[in-house]
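# Structure at a glance
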Amino acid sequence: MDDVFRALADPSRRALLDALRDRGGQSLRELCDGLAMTRQAVAKHLGVLEEAGLVVTSWHGREKHHHLNAAPINDVADRWIRRYDRARAEALADLKTALEETEMTDDFVYVTYIRTTPEKLWQALTDPAWITRYFDGGGPRSDWAPGSTVLWSMQGEEHHDWDQRVLEADPPRRLSYSWHNYQPEMAEMFGWSDERLAELQQEKISKVTFDIEPAGQAVKLTVTHDDFAPGSEMRAGVSEGWPGILSNLKSVLETGEIAVTG
């Protein structure tokens, strides 16, 4: 965590994080246009932020895009914030929420390091006994062969076929599957009218990809949820859901206990 605090100590780097919070997925050129820094200075500061894990990148053709990564902030929260009373924790969580939020048209990218093996992490991503522990009793279920159906459960209810499919399965390196559309169960949960549900169901279907890489005695997990429609309601939802799920995944693998409840 020393790298995180050192990176955050510089006001120029905090300005870059603010820029990526306001609009994620910016190129170096776009970041230079929006900040009063030279291209060389911006590139240098981005390098520090990448080393600290606060910024991750993705390639769109030949252009490199930068994203704010919430995982190090979650690690700080796990270590210190949750030791405080609920009221204080909720107040401090507002900062974490602000750091997690990016423009709704952007991909959701989350990078975390877990003290485990690629094989164990793959098992945790695909085995129902593991999934139910960090997915609040629900989550996906499949035989995980490319093209197979992915069944989905919300909060321990019956698994449904919501037309999700395995797009890629390369154990223990990469898993990708299509996401579900909006369902009547969600309309009941969020109080949407039939008209609102029908409108939301016209959105483009997104997908989620898990990339697993060895990293010394740990494993680097990169979760990319992308292919959202502009202004996607689903993008807003997954940006709130994934950090807690992935924090629990990391905690279950490292300690046997979940970190986030409710």
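Residues numbered from 1 in each chain as written. Predicted model: local features only at pLDDT ≥ 70, side-chain atom pairs only at ≥ 80, totals over all residues. Heavy atoms only, no water.

### Thoughts on the pairing of strand E2 (residues 63-68)
- When strand E1 (residues 55-60) meets E2, the two strands line up antiparallel, connected through six bridges. The residue of E2 that forms the bridge with Thr57 is His66.
- Counting the residues in the hairpin turn of E1 and E2 gives two residues, including Gly61, whose phi is positive at 65 degrees. (Pairing = 2+ DSSP bridges. Helix = DSSP H or I, 4+ residues; strand = E, 2+ residues; numbered from the N terminus.)

### Remarks on the confidence of the model for the protein
- Mean pLDDT for the protein: 85, with 87% of residues reaching 70 or above.
- Confidence drops under pLDDT 50 across residues 85-92; counting only partners more than four residues distant or on other chains, this segment forms two contacts.
- Here residues 94-105 is modelled with pLDDT under 50, and outside its nearest four sequence neighbours on either side it reaches 29 contacts, counting other chains as well. (pLDDT = per-residue confidence, 0-100. Contact = heavy atoms within 4.5 Å.)

### Some thoughts on the packing of aromatic side chains
- If you walk through the whole model with that rule in mind, you get 13 aromatic pairs.
- Judged by centre distance (5.6 Å) and plane angle (85 degrees), the rings of Phe135 and Trp152 are edge-to-face. Pair noted here: Phe135 is in the loop between helix H8 (128-134) and strand E4 (139-141) and Trp152 is in strand E5 (residues 149-153), with a separation of 17 residues, a long-range link. Note on accessibility: Phe135 and Trp152 belong to one class, buried.
- A centroid spacing of 5.2 Å and a plane angle of 25 degrees characterise the contact between Phe190 and Trp192, whose relative ring orientation is stacked. (Phe/Tyr/Trp six-rings, centres within 6.5 Å; stacked < 30°, edge-to-face > 60°. Buried < 20%, exposed > 50% of the residue type's maximum accessible area, 1.4 Å probe, protein only.)

### Concerning the pairing of strand E6 (residues 160-170)
- Taken together, the four bridges between E5 and E6 define a ladder with antiparallel strand orientation. Residue pairing for E6: Thr149 is matched across the bridge by Arg165.
- Remark: six residues form the turn of the hairpin made by E5 and E6, two consecutive strands paired antiparallel; Gln155 in that turn has positive phi of roughly 55 degrees.
- Sheet analysis places E6 next to strand E7 (residues 174-178), joined by four bridges and oriented antiparallel. What sits directly across from Ala169, in E7, is Leu175.
- Between E6 and E7, which pair antiparallel in sequence order, lie three residues.

### Topic: the layout of surface pockets
- Counted as a void, the largest pocket has a volume near 1,000 Å³.
- Around the largest pocket, the lining comprises 33 residues; the ones closest to its centre are Met154, Gly237, Glu240, Gly241 and Ile245.
- If you list the elements that add at least two residues to the lining of the largest pocket, you get H8, E5, helix H9 (184-190) and helix H11 (233-255).
- Top contributing element to the lining of the largest pocket by residue count: H11, with 11 residues.
- Looking at the lining of the largest pocket residue by residue, the classes come out as 18 nonpolar, 11 polar and four charged.
- By volume, the second largest pocket is sized at about 890 Å³.
- Along its surface, the second largest pocket is lined by 38 residues, and Asn69, Ala71, Val111, Thr112 and Tyr113 are the ones closest to its centre.
- Secondary-structure elements contributing two or more residues to the lining of the second largest pocket are helix H1 (2-8), helix H4 (39-51), E1, helix H5 (71-79), strand E3 (108-114), strand E8 (207-215), strand E9 (218-226) and H11.
- A total of six residues in the lining of the second largest pocket trace back to one element, the largest contributor, which is E1.
- In terms of residue class, the lining of the second largest pocket is built from 12 nonpolar, 11 polar and 15 charged. (1 Å grid on protein atoms, 1.4 Å probe; cavity = no way out; pocket = protein on both sides within 12 Å on 5 of 7 lines; lining within 4 Å. Points joined across faces, edges and corners; volume = space filled by probe spheres on them. Nonpolar A, V, L, I, M, F, W, Y, C, P; charged D, E, K, R; others polar.)

### A few points about helix H2 (residues 11-22)
- Look at H2: 16 Å from first C-alpha to last across 12 residues, which is about the 16 Å you get at 1.5 Å a residue.
- Residues Arg13, Leu16, Leu17, Ala19 and Leu20 constitute the buried set of H2. Considered in projection along H2, the buried side chains sweep an arc of 155 degrees and stay on one side of the axis. Projecting away from the buried face of H2 at angles above 90 degrees are the exposed residues Pro11 and Asp22.
- If you follow the buried residues of H2, they end up packed against H1, helix H3 (28-34), H4, E1 and E2.
- Capping of H2 at its N-terminal end is provided by Asp10; its side-chain oxygen lies 2.8 Å from the backbone amide nitrogen of Ser12. (Expected span 1.5 Å × (residues − 1). Arc of directions from axis to C-beta. Polar contact = N/O pair within 3.5 Å; in protein donor to acceptor, adjacent residues only side chain to side chain.)

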